[in-house]
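What follows is each chain in one-letter form.
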Amino acid sequence: MGKIRKIIVAIDGPAASGKSTTAREVAKKLGYTYIDSGAMYRAVTLRALQEKVPVEAQQQVAELAQKMELKFGWNNARTIIYMDGEDVSEKIRTPLIDQKISPVAANPLVRRILVRKQQQLGRVGGVVMDGRDIGTVVFPQAELKIFMIARVQERALRRQKELEQKGMKVDLEKIIADMEYRDQQDAGRSHGPLKKADDAVEIDTTGLTIPEQVDRIYRLAMEKISETTGLV
Ligand code: CDP
């Protein structure tokens, strides 16, 4: 009997399309590792703000990215990201980071450093990774690629709820405007743009529940696992 091969599941899509919650749950069901690539761009942005390095200063920001140590940890409910040993999971998910991140994510030097880290993390397979360029740049060989979309109104409502749970009240119109701006920046940049890979399965999560999204991707992953292992 063949050995069960661990595949790579790449989940890309615009802001707040449900990628991270879904990716985390799918990973749990598969017994895989979940990696949030967006958290890495967020951490670099946080470090630039802390060091008062302008987010547009490509070389300086890349130096910060190169120097910092990023590690992921997990407890049941959430993913923890450590930047040089400090848990920055909360600090990186704020409207300020959302507003400042685009030049950092468009910086080709930063992308080269982070893409390499992501590839190392996924080297042995058994990984679910979400982001913008996972299926196109980081793991073009991923066995399963999902492109997750949802209506902007619904995505903004999800983000507003997330922020409310953290005690932040933000106007819906402002969230929509910020989100549309960030999506445009993500889709328009020349390095690692937000783009559906030709072989990605598109899932519109407008009106779907998290368990429904998880179930669809989990089934697709199980199909891929049996195809690549030849165990059916
Ligand atoms: O949760 P949300 O979808 O709002 O954001 P995220 O996945 O944490 O990503 C935050 C930002 O990081 C995105 O708007 C992108 O600019 C950038 N990013 C990227 O450029 N490439 C990735 N693979 C992941 C995120």
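Please refer to the structure placed before this passage.
Below, the structure is looked at part by part. Position numbers for residues start from 1 in each chain and track the written sequence from start to end. Restriction of local features to residues with pLDDT of at least 70 applies here, the model being predicted, together with a cutoff of 80 or more for giving and counting side-chain atom pairs; totals for whole chains, interfaces and linings are based on all residues. Excluding hydrogens and water, the side-chain values take into account all heavy atoms of the structure.

**Focus on empty space enclosed by the protein**
Inference 1: Cavities and pockets are defined on a 1 Å grid built over the protein atoms alone: a cavity is a set of grid points where a 1.4 Å probe fits but cannot escape, while a pocket is an open set with protein on both sides within 12 Å along at least five of seven lines, and lining residues are those with an atom within 4 Å of any such point. Grid points are joined across faces, edges and corners, and a volume is the space filled by probe spheres set on the points. For the structure shown, the criterion picks out one cavity of 30 Å³ or more.
Inference 2: Roughly 30 Å³ of internal volume is contained in the largest cavity.
Inference 3: Taken together, D12, G135, T136, K145, I146, F147, K195, K196, A197 and A200 make up the full set of residues lining the largest cavity.
Inference 4: The element that contributes the greatest number of residues to the lining of the largest cavity is strand β7 (residues 144-149), accounting for three residues.
Inference 5: Class assignment for the residues of the lining of the largest cavity results in four nonpolar, two polar and four charged. The helix count covers DSSP runs of H or I at least four residues long, the strand count covers runs of E at least two residues long, and both are numbered beginning at the N terminus. Residues were grouped as follows: Ala, Val, Leu, Ile, Met, Phe, Trp, Tyr, Cys and Pro as nonpolar; Asp, Glu, Lys and Arg as charged; and all remaining residues, including Gly, as polar.

**Description of the sheet that holds β7**
The pairing of strands in a sheet comes from backbone hydrogen bonds and takes either a parallel or an antiparallel form.
Inference 1: By the convention used here, strands pair only if DSSP detects at least 2 bridges between them. Taken in spatial order, the five strands of this open sheet run β2-β6-β1-β7-β8, and their pairing is parallel. The open sheet has two free edges, formed respectively by β2 (33-36) and β8 (201-204), since each of these has just one partner strand. Neighbour to neighbour, the strand axes of the sheet diverge by 20 degrees on average, direction disregarded.
Inference 2: Where β2 and strand β6 (residues 127-131) come together, four bridges link them in parallel fashion. Along β6, the bridge assignment pairs T33 with V127. Fitting a line to C-alpha atoms yields each axis, with helices limited to the stretch in contact; the angle taken between N-to-C directions then spans 0 to 180 degrees.

**Thoughts on the packing of aromatic side chains**
Between two aromatic rings, the relevant description is the distance of the centres plus the angle of the planes.
Inference 1: For Phe, Tyr and Trp, rings pair up if their centres lie within 6.5 Å, where Trp contributes its six-membered ring, and each pair is then called stacked (planes under 30 degrees apart), edge-to-face (over 60) or tilted (otherwise). In the structure shown here, the tally under the stated rule is one aromatic pair.
Inference 2: Note on F72 and W74: the rings are 6.5 Å apart at their centroids and 25 degrees apart in plane angle, and the pair reads as stacked.
Inference 3: Under the scheme applied here, a residue whose accessible area is under 20% of the maximum for its type counts as buried, over 50% as exposed, and between as partly exposed, the area being computed with a 1.4 Å probe on protein chains only. With a relative accessible area of 13%, F72 lands in the buried category.
Inference 4: Sitting over the ring of Y218, K29 keeps its end group 4.6 Å from the ring centre. By definition here, charges over rings are those cases where NZ of Lys or CZ of Arg is within 6 Å of the ring centre and within 35 degrees of the ring normal.

**Things to note about the site of the ligand**
Inference 1: Neighbouring residues of the ligand: 18 residues in total, closest R42, R111, D133, R182 and D186.
Inference 2: Between an oxygen atom of the ligand and a main-chain N or O atom of A16, the distance comes to 3.1 Å.
Inference 3: Definition of a polar contact: a pair of N or O atoms within 3.5 Å, with one able to donate and the other able to accept a hydrogen when the atoms are protein atoms, and with sequence-neighbouring residues admitted only if both atoms are side-chain atoms. Within the contact set of the ligand, an oxygen atom lies 3.2 Å away from a side-chain nitrogen or oxygen of K19.
Inference 4: Areas reported here follow the Shrake-Rupley algorithm with a probe of radius 1.4 Å; residue values treat only the protein chains shown as occluding. Relative to its unbound accessible area of 530 Å², the ligand is 96% covered by the protein chains.
Inference 5: Listing elements by their share of the shell around the ligand, those giving two or more residues are α2 (37-50), α4 (95-106) and α8 (172-188). Here a residue counts as near a molecule or strand whenever at least one of its heavy atoms sits within 4 Å of it.

**Topic: the sheet that holds strand β3 (residues 70-75)**
Inference 1: Here we have three strands laid out as an open sheet, ordered β3-β4-β5, and antiparallel in their pairing. Edge positions in the sheet fall to β3 and β5 (86-87), since each has one partner strand and no second.

**Structural notes on the pairing of β6**
Inference 1: Counting buried positions along β6 gives five out of five residues, so the element sits mostly inside the fold.
Inference 2: Taking every second residue as pointing to the same face, both faces of β6 are buried, with V127, M129 and G131 on one and V128 and D130 on the other.
Inference 3: Across five bridges, the pairing between strand β1 (residues 8-12) and β6 is parallel. The partner of I11 across the bridge, within β6, is D130.

**Some remarks on the side chain of Q160**
Inference 1: With respect to the element layout, Q160 can be found in helix α7 (residues 152-165).
Inference 2: Working rule for contacts: check all heavy atoms of both residues, and any pair within 4.5 Å makes them a contact. In contact with Q160, other than residues within four places in its own chain, are V170, D171, L172 and I175.

**A word on the nonpolar core**
Nonpolar side chains tend toward joint burial in soluble globular proteins.
Inference 1: If you look at the biggest cluster of nonpolar residues, it comprises 38 residues, and the most contacted ones within it are V44, L70, I81 and V110.
Inference 2: Of all the elements, α2 adds the most residues to this core, at seven residues.
Inference 3: Discounting chain neighbours no more than four positions away, the residues touching V110 are Y41, V44, V61, A62 and V104.
Inference 4: Within this scheme, the nonpolar core is defined by two criteria: the residues are buried Ala, Val, Leu, Ile, Met, Phe, Trp, Tyr or Cys, and they are joined through side-chain atoms within 4.5 Å. Core analysis: the second largest hydrophobic core is formed by 18 residues, V26, Y32, L144 and I203 among them.

**Description of α8**
Inference 1: Given a helix with a known number of residues, its expected span is that number minus one, times 1.5 Å. Compared with the 24 Å implied by 1.5 Å per residue over 17 residues, the 24 Å span of α8 between its first and last C-alpha is a close match.
Inference 2: Listed in full, the buried residues belonging to α8 are L172, I175, I176, M179, R182, D183 and D186. The buried residues of α8 occupy an angular sector of 135 degrees when the element is viewed end-on, so they sit on one face. Turned more than 90 degrees away from the buried face of α8 sit E173, Q184 and G188, all of them exposed.
Inference 3: Contacts made by the buried residues of α8 are with α2, α4 and α7. Relevant arc is that of directions from the helix axis to the C-beta atoms, nothing else.

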